[in-house]
Amino acid sequence: MRMVDLIEKKRDGKALTKKEIRYIIEGYTAGEIPDYQMSAFAMAVFFRGMTEEEMAELTMAMVDSGEKIDLSEIKGIKVDKHSTGGVGDKTTLVLAPLVASAGVPVAKMSGRGLGHTGGTIDKLESIPGFHVEIDNRQFVHLVNQNKIAVVGQTGNLTPADKKLYALRDVTATVNSIPLIASSIMSKKIAAGADAIVLDVKTGSGAFMKNIEESKKLAKAMVKIGENVGKKTIAVISDMSQPLGFAIGNALEVQEAIDTLKGEGPEDLTELCLTLGSYMVYMAEKADSLEKARKLLEQSIASGKALETFKTFVSAQGGDASIVDDPSKLPHSSYTFELKAKEEGYVNEIAADAVGTAAMWLGAGRATKDAAIDLAVGLILHKKIGDYVKKGETFVTIYSNQQDIEKVKQTLYYSIKISKNKTKKPVLIYETIT
Ligand code: URA
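Residues numbered from 1 in each chain as written. Predicted model: local features only at pLDDT ≥ 70, side-chain atom pairs only at ≥ 80, totals over all residues. Heavy atoms only, no water.

Its location among the elements puts arginine 365 in the loop between helix 15 (351–361) and strand 9 (377–380). Looking at arginine 365, its side chain comes within polar contact range of the side chain of aspartate 122, at 2.8 Å. Side-chain polar atoms of arginine 365 contact the backbone oxygen of alanine 370, separated by 3.2 Å. (Helix = DSSP H or I, 4+ residues; strand = E, 2+ residues; numbered from the N terminus. Polar contact = N/O pair within 3.5 Å; in protein donor to acceptor, adjacent residues only side chain to side chain.)

This is the structure we're talking about:
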């Protein structure tokens, strides 16, 4: 087999066989296929796409390129959740203890983040003492004991994806649905999931900016799941504005705690109940989605979800008293109030620009090794469709720098207030099963 022939075959729009896909992924991982040929191949896929069978094989070839996490010692059906990412997305912080409190084993491998704020692990590390450096034996033990544990990314999972993703990043081939779908699914499968719930975001703060593209990506991932024997569903949810009110690591932990107490923002609560219901149902802890949702609502109302969060935090070295005393979370030195220059309705909150403003404050990383400031960020007081009076504070800025003119200007520019009434955006567009 020669790589040049396979590039040509894909360039001409033909489907590759399983053997050919394995040859490409194994050869590339081993360093036998050079970057220039893999770049040409990725571009051919970008223009020609892939069949469902090709996507499934590409996914499994990437899974088989490295280590796989063995969760077989954990009792029950392990349902993992993945979000394609967005601004203010602290869903995992709520969802993991919430579904664990309903008996679903949550063995979560999470990452740090590049971008607007840190990833789940950065956010959790704003809790004093919390750590994710636990070995595999302890990880399994904690999940069996408490139904929940979160570890940092360990081992050599999906090295083919790592190498290919870095190449796509510099060859304008990231935005290809077969390549994104196989990349995401390979990581979830290698991390040991029995079933997968996907939160595919759509809108200005998301990877996929419009509903049609988001739907295509969701469908591609659900099909991959079906073809490789991992039950997968995808919820398409709104990211035309940030999720919840808080953007910034410790601020998001506080908002997640409020949500577990039943006092969180409406959109975050609803999204967690929707995703959580699928997780509970797929883990066979309820025999219908309605019963699953009831279980979760009861767990919040009774305080069980919050108790599970406290147990989880303590088990990983964290100070669970932050739940009752938020002053123990990191705090910024300065706060600034952004006041409305005119009265009117919030028409637009450009999620990506608001996220960038949070990153400038230090809430996120611009490069892989950059430091992150866990205390800083933004609290929105208004969302799209809300009315604002002239002079009313619509954003509070938490900062450790005094000069934040650029942040203020960006927020004024990206949050549009006008006399025209605007409808609140739809939160959940569709579920693909
Ligand atoms: N996220 C991933 O993990 N992979 C992609 O290809 C794109 C986004």
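Moving on: empty space enclosed by the protein. Gaps left between atoms show up when a probe the size of a water molecule is rolled over them. In the structure shown here, the tally under the stated rule is two cavities of 30 Å³ or more. Taken as a whole, the largest cavity holds about 70 Å³ of empty space. Residue lining of the largest cavity: Leu71, Lys78, Val79, Asp80, Val106, Ala107, Lys108, Ala191, Gly192 and Ala193, and that is the complete set. Among the elements that line the lining of the largest cavity, the one with the most residues is strand 2 (residues 106–110), at three residues. Taken together, the residues of the lining of the largest cavity break down into six nonpolar, one polar and three charged. What the second largest cavity holds in volume is close to 50 Å³. Partitioning the lining of the second largest cavity into residue classes produces five nonpolar, one polar and three charged. (1 Å grid on protein atoms, 1.4 Å probe; cavity = no way out; pocket = protein on both sides within 12 Å on 5 of 7 lines; lining within 4 Å. Points joined across faces, edges and corners; volume = space filled by probe spheres on them. Nonpolar A, V, L, I, M, F, W, Y, C, P; charged D, E, K, R; others polar.)

In this section: the sheet that holds strand 12 (residues 415–418). Strand order across the open sheet formed by three strands is 10-8-12, with antiparallel pairing between neighbours. Each of the sheet's edge strands pairs with one partner strand only, and the pair in question is strand 10 (387–388) and strand 12. Two elements, strand 8 (residues 344–349) and strand 12, share four bridges in a ladder whose sense is antiparallel. Bridge pairing in strand 12 links tyrosine 345 to serine 418. Running over the sheet, helix 16 (residues 405–414) touches strand 8 and strand 12 and is turned about 50 degrees from strand 12. (Pairing = 2+ DSSP bridges. Contact = heavy atoms within 4.5 Å. Axes fitted to C-alpha atoms, helices over the stretch in contact; angles between N-to-C directions.)

Everything listed here is a matter of coordinates, which is why it stays silent on function.
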